[in-house]
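# Structural description and commentary
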Amino acid sequence: MKYSNDNEQKCNIAIFASGTGSNFINIYNHILDGKIFANINILISNNPNCKAIEFAKKNKINYKIINKFRLSNNENIEKVIGKVLIKNNINLIVLAGYMKKIPKQIIELYPRKILNIHPALLPKFGGKGFYGIKVHEAVINSGEKSTGITIHFVDNDYDTGDIIYQKEVDVLENDSAVSLSKRVLELEHKSYPVVVKEFCDKYRKELN
Ligand code: GRF
């Protein structure tokens, strides 16, 4: 289904990303194609040099770099993030490779409205230190025959929030961490927009 550009109120999304931003770009393209009824009102990153920010600059997407080096003495990260989210009327936060912990105050401000995607079947291979290629290396070293992706709500710990969606991927005999990571990422690109769309549709029904 493609959404027409009508006057109904859209779900305002803030994406948080620190790296390549392929999930961010993928969701952005789904919105652009009218497949998700939403706006990306802002991209928030801690990393001024990441590809996600580069893409935002090129495509004139509103962005904000927030990290401790950019704060003045009387500011703290949670207050600055909170202010940016409120100023941009954000309804949903989508984490897409964001490498920092979401402050408790922000989780309280957006209960069950912060989504994250993790490249394994949580609770396996999750928690502090399980990020990027390390996740896939751990899967290969464990000898597991399958892995997958998890989309979950964000709570106060790493990768422990309620699970919304999981999907499995086979680990092949000749897989390396890199080959496995590519298949898992493909699955992320198929799945994350579906979950984001569901949230935005629900929001649309409640509001319009
Ligand atoms: C993805 O593998 C995601 O599961 C994890 O971080 C990675 C982000 O990739 N949370 P990208 O920056 O969206 O390409």
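Above this text you will find the structure in question.
What you see is a predicted model, and the numbers here were worked out from it, not measured in a lab.

### As for the site of the ligand
For the ligand, the full set of nearby residues is Thr20, Gly21, Ser22, Asn23, Gly97, Ile117, His118, Pro119 and Glu188. Take Gly21: an N or O atom from its main chain is 2.8 Å from an oxygen atom of the ligand. Within the contact set of the ligand, an oxygen atom lies 3.5 Å away from a backbone nitrogen or oxygen of Pro119. Contact with the protein chains removes 81% of the 370 Å² of surface that the ligand exposes when unbound. Using a 2 Å cut-off from the grid points, one finds that the ligand occupies the largest pocket.

### Overview of the layout of surface pockets
One number sums up the size of the largest pocket: a volume of about 920 Å³. Residue lining of the largest pocket: 36 residues in total, with Gly97, Tyr98, Met99, Tyr131 and Gly132 positioned closest to the centre. Where the lining of the largest pocket is concerned, the elements lending two or more residues are α1 (22-32), β5 (114-118), α5 (133-142) and α6 (177-207). Per element, the largest residue contribution to the lining of the largest pocket is four residues, and it comes from α6. When grouped by side-chain class, the residues that make up the lining of the largest pocket number 14 nonpolar, 15 polar and seven charged. If you trace the second largest pocket, you find 13 residues lining it, with Lys64, Leu71, Glu75, Asn76 and Val80 closest to the centre. If you list the elements that add at least two residues to the lining of the second largest pocket, you get β3 (63-65) and α3 (77-87). For the lining of the second largest pocket, the element with the most residues is α3, which contributes four residues. Each residue belonging to the lining of the second largest pocket can be placed in one class, and the counts come to five nonpolar, three polar and five charged.

### What to know about the nonpolar core
Soluble globular proteins: nonpolar side chains tend toward being buried together. By size, the foremost hydrophobic cluster in this structure holds 43 residues, and its most contacted members are Ile13, Ile15, Phe24, Leu92 and Val196. In terms of residue count, the dominant contributor to this core is α6 (nine residues). Residue contacts for Ile13: discarding those within four places in its chain leaves Ile31, Ala38, Asn39, Ile40, Asn41, Ile42, Ile90, Leu92, Val94, Val196 and Cys200. Counting 19 residues, the second-largest nonpolar core is a separate cluster that includes Ile66, Ile90, Ile102 and Ile114.

Cut-off values and rules
- Residues numbered from 1 in each chain as written.
- Predicted model: local features only at pLDDT ≥ 70, side-chain atom pairs only at ≥ 80, totals over all residues.
- Heavy atoms only, no water.
- Near = heavy atom within 4 Å.
- Polar contact = N/O pair within 3.5 Å; in protein donor to acceptor, adjacent residues only side chain to side chain.
- Areas by Shrake-Rupley, 256 points an atom, 1.4 Å probe, with all protein chains shown as cover.
- 1 Å grid on protein atoms, 1.4 Å probe; cavity = no way out; pocket = protein on both sides within 12 Å on 5 of 7 lines; lining within 4 Å.
- Sits in = over half its atoms within 2 Å of the grid points.
- Points joined across faces, edges and corners; volume = space filled by probe spheres on them.
- Helix = DSSP H or I, 4+ residues; strand = E, 2+ residues; numbered from the N terminus.
- Nonpolar A, V, L, I, M, F, W, Y, C, P; charged D, E, K, R; others polar.
- Core = buried A, V, L, I, M, F, W, Y, C linked by side-chain atoms within 4.5 Å.
- Buried < 20%, exposed > 50% of the residue type's maximum accessible area, 1.4 Å probe, protein only.
- Contact = heavy atoms within 4.5 Å.

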